Amino acid sequence: DAGVIQSPRHEVTEMGQEVTLRCKPISGHDYLFWYRQTMMRGLELLIYFNNNVPIDDSGMPEDRFSAKMPNASFSTLKIQPSEPRDSAVYFCASSLATPNTGELFFGEGSRLTVL
Amino acid sequence: KNQVEQSPQSLIILEGKNCTLQCNYTVSPFSNLRWYKQDTGRGPVSLTIMTFSENTKSNGRYTATLDADTKQSSLHITASQLSDSASYICVVSGSPPGGGADGLTFGKGTHLIIQP
């Protein structure tokens, strides 16, 4: 398997623009997670899905952020409108088992810069 | 509040030397503890996962220890290599409601630099 695949790897955009990050989890993994990583705060969970259903989105910063998982092999994280403070690395991860027991497999991340 | 504290924040050692990274946690109830290696510009990769009953676990030159009584863990790297330069992240898993919504509490990592 190719692992968790994320795109784009790098995105530079201007404040106010819409940003869409994409993720393909490992085939057969029932859980998909979106994390954000910054120097100040480290890795933070934004939202996670089980069998394509959002389970907990309490980590989503505000209404500007939204995530979807239309099928088992694809998820998107959208920021609209983007702001400079959204600049971070966004990771997608997938897992076979429940979050606190299953091993997490991370993608290579999408580095977002909002000017 | 569930917390994971890692020390040191950064460390520089010479190639071939050993080093030990520390992780203290307050997550309760406890399920398991994980160490991840994150190369610059890459995603974290799992090194070890330790449950309550495991005191030591090795993965090549990496050896993790766990003391569930004192809520401390360490990651020991033997005979360091240039490729060990990375951030090492300690993650503690707690059965809900411990940890974040995913049951995980992340440390901020130790940035390790191996110099030739």
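In what follows, the accompanying structure is described. (Residues numbered from 1 in each chain as written. Chains lettered and ligands numbered in written order. Predicted model: local features only at pLDDT ≥ 70, side-chain atom pairs only at ≥ 80, totals over all residues. Heavy atoms only, no water.)

Here we take up the sheet that holds strand β1 (residues 5–7) of chain A. All names here are of chain A. Read from one edge to the other, the open sheet built from 4 strands follows the order β1-β3-β8-β7, with strand pairing classed as antiparallel. The sheet is open, and its two borders are formed by β1 and β7 (65–71), each paired with just one other strand. The sheet shows a mean angle of 15° between the axes of neighbouring strands, direction not considered. Here β1 runs beside strand β3 (residues 19–24); their pairing, made up of 3 bridges, is antiparallel. Paired with Q6 across the strands is C23, a residue of β3. (Pairing = 2+ DSSP bridges. Helix = DSSP H or I, 4+ residues; strand = E, 2+ residues; numbered from the N terminus. Axes fitted to C-alpha atoms, helices over the stretch in contact; angles between N-to-C directions.)

Turning to the state of the cysteines, a few remarks are in order. In protein chemistry, a disulfide is the covalent bond that joins the sulfur atoms of two cysteines. Enumeration over the complete set of coordinates arrives at 2 disulfides over all chains. Through a disulfide, C23 of chain A is tied to C92 of chain A; the S-S separation comes to 1.9 Å. Looking along the S-S bond of the C23 of chain A-C92 of chain A disulfide, the torsion reads about -65°, which is the left-handed sense. Placement of C23 of chain A in strand β3 and of C92 of chain A in strand β9 (residues 88–95) is noted, with a sequence separation of 69 residues between them. Using a relative accessible area of 0% as the deciding quantity, one classes C92 of chain A as buried. Across the disulfide from C23 of chain B sits C90 of chain B; the S-S distance is 2.0 Å. Between C23 of chain B and C90 of chain B, the S-S torsion sits near -65°, and that sign places the bridge as left-handed. Placement of the pair is C23 of chain B in strand β3 (residues 19–25) and C90 of chain B in strand β9 (residues 86–93), with a sequence separation of 67 residues. (Disulfide = S-S within 2.5 Å. Buried < 20%, exposed > 50% of the residue type's maximum accessible area, 1.4 Å probe, protein only.)

The subject of this paragraph is the interface of chain B and chain A. Taken together, the 22 residues of chain B in the interface contact 21 residues of chain A. Here chain B packs against chain A, burying approximately 1600 Å² in sum over the two surfaces, 51% of which is carbon and sulfur. At the junction of chain B with chain A, the criterion picks out 1 salt bridge. In this structure, the connection of chain B to chain A is made through 7 residue pairs in polar contact (both at pLDDT 80 or more). Every element with two or more residues in the side of chain B that touches chain A is listed here: β4 (32–38), β5 (45–51), β9 and β10 (104–106) of chain B. With 4 residues, β4 of chain B is the single largest residue contributor to the side of chain B that touches chain A. The class makeup of the residues in the side of chain B that touches chain A is 8 nonpolar, 10 polar and 4 charged. (Contact = heavy atoms within 4.5 Å. Buried area = accessible area lost by both parts, 1.4 Å probe. Salt bridge = Lys/Arg side-chain N within 4 Å of Asp/Glu carboxyl O. Polar contact = N/O pair within 3.5 Å; in protein donor to acceptor, adjacent residues only side chain to side chain. Nonpolar A, V, L, I, M, F, W, Y, C, P; charged D, E, K, R; others polar.)

With that settled, consider the nonpolar core. Membership of the largest hydrophobic core comes to 24 residues, with the highest contact counts inside it found for Y25, L33, W35, L75, Y88 and V92 of chain B. Among the elements of the structure, β3, β4, β5, β7 (62–67), β8 (72–77), β9 and β11 (110–115) of chain B are those that each provide at least two residues to this core. Listed in part, the 21 residues of the second largest apolar core include I26, M60, C92 and L112 of chain A. (Core = buried A, V, L, I, M, F, W, Y, C linked by side-chain atoms within 4.5 Å.)

All names here are of chain B. Of all the 7 residues making up β5, 5 are buried; the element is thus mostly covered by neighbouring parts of the structure. Bridging between β4 and β5 involves 6 bridges; their strand directions are antiparallel. When the bridges of β5 are listed, L33 appears paired with M50. Remark: 6 residues form the turn of the hairpin made by β4 and β5, two consecutive strands paired antiparallel; G41 in that turn has positive phi of roughly 75°.

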